[in-house]
Amino acid sequence: MNSSSTPTARFVSTGTLPGPEEIRSLVEAAYENFREEAGGKLADYIPALAEADPSAFGICVANTRGHAFMVGEAAETFSIQSVSKPFVFALVCEALGAAEAATRLGVDATGLPFNSIMAMELRTDGTSNPLVNAGAIAATSLIPGFGADDRWHHVRQGLSRFAGRELACDEHVYESEAANNQRNAGLAHLLRGHGRLYCDPDEAVEVYTRQCALLVSARDLALMGATLAGGGVHPLTGEQVVSAATCQRVLAVMATAGLYERSGSWLYDVGLPGKSGVSGGILTIAPGKGAVATFSPPLDAAGNSVRGQLVMRFLSERLGLNLFISAPAAHL
Ligand code: GLN
């Protein structure tokens, strides 16, 4: 069995979330515990994001069978921003194979902010990973298609299949970011110079910016995450969106790089693959079991939702999700 073979039924993460009553009471407790939390501030480098309601707060837990538990504004939509990145990487793995995708994009944590130019320059080959802006723009450039419209269609269709419904782009957010996107444009052109961007730089940035403006709710994110948690099958539509082997690789990158320079402390406390975005979403995956998504716009200095992180630190252990917890065999 080589490292790129498809996982077999004998060797997969299994287990279930607690029963519905317990999940409901824990999700409600998390909401009550952190609804008064006032830390963090709204992202304002994309002007439209500064218009968000800082008090908006929603949590959704979905299992791999499609049962969803929601509290607060879990059905309210917001632009997906960086939480799109693992899903676009999944589409690239499907198109190229996970090994080729890793060679072209890199899969190592940068330890630096999400929009770092230095992170790309520090590596001699110009790669980073698909969950920071440079690697994500490079991933978008690997999406099959001729021209921006074709690539955009592929991205929107792919993410819609993950969500189990047709996702739409927030034109206001798109226009706002497109008008203030010089840094991402710079990253794309530098990547091209390194031979690490695989289509025209302006086209890659346009599609990437649109992908970040796709509208999702915490419930959508939880179902998208439950698809990654469940071998690539959407829990409600039953569609095999991507292969189980692709999910495995996407979760690995989320574990090492999903919360930018805070990825280490996240994994240390939460013990799960995660991904945050600057509009306030955080998606956390429990392989084999399900996913937890939160929405709360105020961010810490690294660009991660403050309440979202508190909720995940609270729920991970209480829902029995942390991947690193064990007990001595003799006590079982
Ligand atoms: N669209 C945002 C950007 O490129 C996404 C960043 C994020 O969510 N961290 O800057």
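Computed from a predicted structure; not experimentally measured. (Residues numbered from 1 in each chain as written. Predicted model: local features only at pLDDT ≥ 70, side-chain atom pairs only at ≥ 80, totals over all residues. Heavy atoms only, no water.)

**Examining the layout of surface pockets**
Moving on, step 1. Of the pockets and cavities examined, the largest pocket occupies roughly 390 Å³.
Moving on, step 2. As for the largest pocket, its lining consists of 17 residues, of which Ser13, Ala244, Gln248, Leu251 and Pro287 are closest to the centre.
Moving on, step 3. Broken down by secondary-structure element, the contributors of at least two residues to the lining of the largest pocket are α10 (218–229) and α11 (244–257).
Moving on, step 4. With five residues, the single largest contributor to the lining of the largest pocket is α11. (1 Å grid on protein atoms, 1.4 Å probe; cavity = no way out; pocket = protein on both sides within 12 Å on 5 of 7 lines; lining within 4 Å. Points joined across faces, edges and corners; volume = space filled by probe spheres on them. Helix = DSSP H or I, 4+ residues; strand = E, 2+ residues; numbered from the N terminus.)

**Regarding unusual backbone geometry**
What you tend to see is this: most non-glycine residues have negative phi, and most peptide bonds are trans.
Moving on, step 1. Its identity as a non-glycine residue notwithstanding, Gln81 has a phi of 50°, on the positive side.
Moving on, step 2. Of note, the phi angle at Tyr260 is positive, near 55°, even though the residue is not glycine.
Moving on, step 3. Its location among the elements puts Tyr260 in the loop between α11 and α12 (263–270).
Moving on, step 4. Here Tyr260 falls in the buried class, since its relative accessible area comes to 4%. (Buried < 20%, exposed > 50% of the residue type's maximum accessible area, 1.4 Å probe, protein only.)

**Observations concerning the UniProt feature "binding site: substrate" (unreviewed entry) in the protein chain**
Moving on, step 1. UniProt tags Ser82, Asn133, Glu177, Asn184, Tyr208, Tyr260 and Val278 as "binding site: substrate" (unreviewed entry). Set against the largest cavity, the annotated residues named above that line it are Ser82, Asn133, Glu177, Asn184, Tyr208 and Val278.
Moving on, step 2. Among the secondary structure elements, Ser82 is positioned in the loop between β3 (78–79) and α2 (85–96).
Moving on, step 3. Looking at Ser82, the relative accessible area reads 6%, which means it is buried.
Moving on, step 4. Excluding residues that lie within four positions of it along the chain, Ser82 makes contacts with Asn133, Tyr260, Lys275, Ser276 and Gly277.
Moving on, step 5. Counting through the fold element by element, Val278 comes out in the loop between β5 (274–276) and β6 (281–286).
Moving on, step 6. The class for Val278 is buried, based on a relative accessible area of 6%.
Moving on, step 7. Residue contacts for Val278: discarding those within four places in its chain leaves Ala43, Tyr45, Leu49, Gln81, Phe114, Leu299 and Gly303. (UniProt positions renumbered as here; feature names shortened; annotations may be inferred. Contact = heavy atoms within 4.5 Å.)

**Comments concerning the site of the ligand**
Moving on, step 1. Taken together, the residues surrounding the ligand are Tyr45, Gln81, Ser82, Phe114, Asn133, Glu177, Asn184, Tyr208, Cys212, Tyr260, Gly277 and Val278.
Moving on, step 2. One nitrogen or oxygen atom from the side chain of Asn133 is found 3.0 Å from an oxygen atom belonging to the ligand.
Moving on, step 3. In the environment of the ligand, an oxygen atom lies 2.8 Å from a nitrogen or oxygen atom belonging to the backbone of Val278.
Moving on, step 4. Taking a 2 Å distance to the grid points as the criterion, the majority of the atoms of the ligand fall inside the largest cavity.
Moving on, step 5. Split by residue class, the shell around the ligand holds six nonpolar, five polar and one charged. (Near = heavy atom within 4 Å. Polar contact = N/O pair within 3.5 Å; in protein donor to acceptor, adjacent residues only side chain to side chain. Sits in = over half its atoms within 2 Å of the grid points. Nonpolar A, V, L, I, M, F, W, Y, C, P; charged D, E, K, R; others polar.)

**A look at the sheet that holds β6**
Moving on, step 1. What the five strands build is an open sheet, ordered β2-β1-β7-β6-β5; its pairing is antiparallel. A strand with exactly one partner marks an edge of an open sheet, and here the two such strands are β2 (68–72) and β5. Across the sheet, the axes of successive neighbouring strands diverge by a mean angle of 10°, strand direction being ignored.
Moving on, step 2. As paired strands, strand β1 (residues 58–63) and strand β7 (residues 290–295) are joined by six bridges and run antiparallel to one another. (Pairing = 2+ DSSP bridges. Axes fitted to C-alpha atoms, helices over the stretch in contact; angles between N-to-C directions.)

**What about the environment of Ala139?**
Moving on, step 1. As for its position among the elements, Ala139 is in helix α5 (residues 133–141).
Moving on, step 2. On the accessibility criterion, Ala139 (1% relative accessible area) is buried.
Moving on, step 3. A sequence separation of 34 residues divides Ala139 from Leu105, and the C-alpha atoms of the two residues are 6.8 Å apart.
Moving on, step 4. If sequence neighbours within four positions are ignored, Ala139 has contacts with Val88, Val92, Leu105 and Pro130.

**Points about the side chain of Ser128**
Moving on, step 1. Turning to its location among the elements, Ser128 is positioned in the loop between α4 (118–122) and α5.
Moving on, step 2. Within the structure, the side chain of Ser128 is placed 3.3 Å from the backbone nitrogen of Gly135, a separation counted as a polar contact.
Moving on, step 3. Excluding residues that lie within four positions of it along the chain, Ser128 makes contacts with Leu105, Gly106, Val107, Asp108, Thr110, Ala134 and Gly135.

**So, the state of the cysteines**
Moving on, step 1. Summed over the entire model, instances satisfying the criterion amount to zero disulfides.
Moving on, step 2. Left without a disulfide partner, Cys247 is nearest to the cysteine sulfur of Cys93, which lies 9.7 Å away. (Disulfide = S-S within 2.5 Å.)

**Quick word on the nonpolar core**
Moving on, step 1. In this structure, Leu159, Phe162, Leu221, Met224 and Leu228 are the most contacted members of the largest nonpolar core, which totals 69 residues.
Moving on, step 2. Of all the elements, α10 adds the most residues to this core, at eight residues.
Moving on, step 3. Excluding residues that lie within four positions of it along the chain, Leu221 makes contacts with Phe78, Ile80, Val83, Val216, Leu283 and Ala293.
Moving on, step 4. Membership of the second largest hydrophobic core comes to 25 residues, among which are Phe34, Ile59, Leu272 and Ile282. (Core = buried A, V, L, I, M, F, W, Y, C linked by side-chain atoms within 4.5 Å.)

**Quick word on the pattern of salt bridges**
Moving on, step 1. For the coordinates displayed, the defined rule picks out 13 salt bridges.
Moving on, step 2. In this structure, Arg165 and Asp220 form a salt bridge, with 2.7 Å as the shortest nitrogen-oxygen distance. Here Arg165 is found in the loop between α6 (147–163) and α7 (171–178), whereas its partner Asp220 is found in helix α10, with 55 residues between them in sequence.
Moving on, step 3. Judged by its relative accessible area of 36%, Arg165 falls in the partly exposed class.
Moving on, step 4. Glu171 is the salt-bridge partner of Arg210, the closest N and O atoms lying 3.3 Å from each other. Taken together, the positions of Arg210 in helix α9 (residues 201–212) and Glu171 in helix α7 put the pair 39 residues apart, joining distant regions of the chain.
Moving on, step 5. Take Arg210: its relative accessible area is 16%, and that puts it in the buried class.
Moving on, step 6. Overall, Glu171 belongs to the partly exposed group, its relative accessible area being 40%. (Salt bridge = Lys/Arg side-chain N within 4 Å of Asp/Glu carboxyl O.)

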